[in-house]
Amino acid sequence: MFRVWAFARHSPFCSRRSVHQSLRANAATESSTSAVTKWTPASIRTGVIARKRGMTAMWDEHGARFPVTVLQLENCQVTANITTLRKDNSEYHAVQVAASDRPPKTTTNQMLGHFKKAGVSPKRIVKEFSVTADAHVPVVGTTLSAAHFVPGQFVDVVANSIGKGFQGVMKRWNFKGLRASHGVSVSHRSAGATGAHQDPGRIWPGKKMAGRMGGKRITSQNLHVVRIDNTLDLVFVRGCVPGYDDAHVLIRDAKKKMVALAQHNQAKGLYEKVLPKGVLDLPFPAGTEELSKTLPPVILAPSRRTTSPFIPRE
Amino acid sequence: MYFLTLPTKKRIQGMSTAIAAQRVRVKKPSYPCISCCSEPLTIMFARSSFRIALDAWRIVSRQSITTSSRIYPYSRVAIIPSAPPGSPPASLRRGKGLMAYLQQTLPSTEKQKIISTIFSRTHPDRVRPGTVLTVNLTHAPTSFSGVLISVRRRGPDTSFVLRNVVQRTGVEMQFFVNSPHVKEILVVSRAGGLDRKKRKGLKKAKLFYLRDSPEKMTAMSAGVR
């Protein structure tokens with residue numbers, strides 16, 4: 001059999017994807033001083049993997065109630081720093097993170113080897129977060145904590161939505177259905193017509209129809225972090241998050257309200273608006289377990305409202 | 001144990017009474033020594049003067065604290081409340097019983113007592129639907145009385161609905177127990193009174209049928225202002 005890969009030419013960048021790279025080893029060769037990296041508006045930090053534990057309600061200082069989702073980091077550790085060269089010679093940097101310990105008995109040998117190389121216990125979920133080159137976590141195996149997020153900042157939470165099974169068009173696409181009476185026969189919840197006539201004489205691809213609903217990757221954007229608990233690694237975000245309780249979720253800095261705003265305001269010279277109000281800095285490259293031990297056990301964000309909704313305005 | 005106070009030089013006028021009332025003993029936390037610093041780093045607030053004290057704290061923190069000497073260097077306006085004493089069990093870190101633990105610890109101790117006694121499912125002093133309660137609020141209407149027609153038990157999010165007929169208009173109000181606006185909840189008259197026989201009629205958890213029967217409503221809320 002003609003095996004094409006046996007004849008592949010190896011370019012100078014033959015190991016294009018370098019995993020398990022400990023930047024400290026590289027940094028030692030590059031520079032003798034170990035500089036403490038700081039967050040810059042051009043940096044994109046890693047995210048974390050957490051578990052959605054449930055929802056509850058909190059009251060701000062004006063007495064207004066708001067819903068919160070409780071997310072818990074379950075032994076979230078960095079398993080690799082990835083640096084890859086794309087075909088157009090641009091660099092792709094990522095931090096690979098794993099969470100939720102699992103018994104070695106149920107882990108495949110391939111993954112056991114991967115975790116052993118990273119020096120962490122076997123995990124259930126392994127995900128990658130694309131970062132800028134300065135945001136690599138120097139030591140592979142670092143445990144990330146809730147201190148990675150600052151109360152007052154915004155985050156995007158990514159999770160698989162609850163599966164609803166095969167659903168009709170009314171639930172899946174918010175179709176109005178047909179009348180309940182006045183002669184409608186046997187099609188009260190149906191879609192009705194699906195196209196025009198001879199022109200185009202077919203159904204457009206992507207026509208909204210009944211089918212499987214839910215169970216997809218969904219991102220809830222720009223959720224306000226209201227509280228972090230360093231003893232239990234809890235992150236309270238305002239609003240709801242996709243998925244069922246105890247599902248794995250990915251939390252990262254909001255692309256629209258944090259990353260993009262920081263870059264644009266820095267470029268415009270509006271340095272006060274680079275970070276949300278009151279937020280001075282972000283733990284960089286990541287908020288670790290060691291950092292969380294030095295911080296207060298519970299930290300709250302003040303309300304984003306300036307005036308009380310209970311006092312009538314003139 | 002140590003007191004957290006303001007430095008006398010930067011004491012803001014009008015705030016001293018509020019802060020003096022709220023000086024609280026706190027356990028020394030495990031993070032770097034705060035007693036060494038002369039700056040005020042955290043202040044514990046009572047709900048009523050929370051806003052005044054919060055603004056003052058913000059002013060103080062901007063004036064006197066540099067980034068390096070803050071307790072929490074990442075936010076200028078973060079609030080640092082007192083944590084519950086003792087370290088939580090290891091199973092909570094894996095999520096076992098976490099929401100139940102939060103149900104106990106998120107509300108303040110006074111509110112937690114109300115939730116676990118008056119609005120409990122099994123406590124002997126619990127309040128049954130049909131009881132007449134009076135709620136004192138910080139905003140208008142400052143006081144509302146009515147028949148308890150439903151209790152929605154969700155831990156910190158527990159709420160109840162009171163129904164009354166005010167000026168020939170049926171009025172229902174839903175109150176959240178944990179809300180800072182709810183000052184007091186007083187029991188005016190227990191459901192069915194002390195007579196056990198009278199309690200037989202009230203077997204439901206939700207008394208929404210009172211919306212359609214004014215005669216039963218007047219029977220229950222007789223004499224309620």
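Chain B is annotated in an unreviewed UniProt entry as Translation protein SH3-like domain-containing protein of Multifurca ochricompacta. Of chain B, the UniProt comment under Sequence similarities (unreviewed entry) reads exactly: "Belongs to the bacterial ribosomal protein bL19 family."

Chain A is annotated in an unreviewed UniProt entry as Large ribosomal subunit protein uL3m of Multifurca ochricompacta. UniProt annotates chain A under Subcellular location (unreviewed entry) with the comment "Mitochondrion".

For this particular structure, what's the right way to read the overall build of chain B?
When helices and strands are tallied, chain B shows 6 helices and 7 strands. Secondary structure of chain B in N-to-C order comes out as β-α-β-α-α-α-α-β-β-β-β-β-α. Here chain B holds 225 residues, and 42% of them are scored as buried. Put simply, 53% of the contacts in chain B that link residues at least 6 apart link residues at least 24 apart. Carbon together with sulfur atoms contributes 53% to the accessible area of chain B, which is approximately 13,200 Å² in total.

What exactly am I supposed to notice about the overall build of chain A here?
Check the secondary structure of chain A and you find 5 helices and 14 strands. Across the 314 residues of chain A, 46% fall into the buried class. Here the analysis covers contacts within chain A between residues at least 6 apart in sequence; of these, 75% occur between residues at least 24 apart. Carbon and sulfur atoms form 54% of the exposed surface of chain A, whose accessible area is close to 17,600 Å².

Hey, could you run me through the sheet that holds strand β3 (residues 132-137) of chain B in this one?
In a beta sheet, neighbouring strands pair by backbone hydrogen bonds and run either parallel or antiparallel. All names here are of chain B. Here 5 strands make up an open sheet; going across it, the order is β6-β5-β4-β3-β7 and the pairing antiparallel. Where the open sheet ends on each side, the last strands, each with one partner, are β6 (169-176) and β7 (182-189). If you compare each strand with its neighbour and ignore which way they point, the axes differ by 40° on average. Judged from the 8 bridges that link them, strand β5 (residues 159-166) and β6 form a sheet pairing that is antiparallel. Across the sheet, residue L162 finds its bridge partner in β6, namely M173.

What exactly am I supposed to notice about the side chain of S161(A) here?
All names here are of chain A. Along the polypeptide, S161 turns up in the loop between β8 (154-160) and β9 (165-167). Its relative accessible area of 18% is what places S161 among the buried residues. In this structure, S161 is in contact with G214, G215, K216, I218, P242 and G243, ignoring residues within four places of it in sequence.

Just checking my understanding: could you explain unusual backbone geometry for this structure?
Trans peptide bonds make up the majority, and among non-glycine residues the majority have a negative phi. In this model, F284(A) is joined to P285(A) through a cis peptide bond whose omega is -5°. As for its placement among the helices and strands, P285(A) is situated in the loop between α4 (255-268) and α5 (289-294). Geometrically, the link from A140(B) to P141(B) is a cis peptide bond, its omega value of -10° lying close to zero. Within the secondary structure layout, P141(B) lies in the loop between β3 and β4 (143-152). Although it is not a glycine, N75(A) adopts a positive phi angle of roughly 55°. Structurally, N75(A) is set in the loop between β3 (65-72) and β4 (76-85).

Help me understand the nonpolar core, please; the structure alone is not making it clear to me.
Most often, soluble globular proteins have nonpolar side chains that are buried together. Grouped together as the largest cluster of nonpolar side chains are 52 residues, with contacts concentrated most on L71(A), I251(A) and Y72(B). Among the elements that line this core, the one with the most residues is β8(A), at 5 residues. Setting aside chain neighbours within four positions, we find Y72(B) in contact with F149(A), V150(A), P151(A), I228(A), L295(A), I299(A), A78(B) and I80(B). Membership of the second largest hydrophobic core comes to 16 residues, among which are F119(B), L137(B), L148(B) and V182(B).

The rules behind each value
- Residues numbered from 1 in each chain as written.
- Chains lettered and ligands numbered in written order.
- Predicted model: local features only at pLDDT ≥ 70, side-chain atom pairs only at ≥ 80, totals over all residues.
- Heavy atoms only, no water.
- UniProt positions renumbered as here; feature names shortened; annotations may be inferred.
- Helix = DSSP H or I, 4+ residues; strand = E, 2+ residues; numbered from the N terminus.
- Buried < 20%, exposed > 50% of the residue type's maximum accessible area, 1.4 Å probe, protein only.
- Contact = heavy atoms within 4.5 Å.
- Areas by Shrake-Rupley, 256 points an atom, 1.4 Å probe, with all protein chains shown as cover.
- Pairing = 2+ DSSP bridges.
- Axes fitted to C-alpha atoms, helices over the stretch in contact; angles between N-to-C directions.
- Core = buried A, V, L, I, M, F, W, Y, C linked by side-chain atoms within 4.5 Å.

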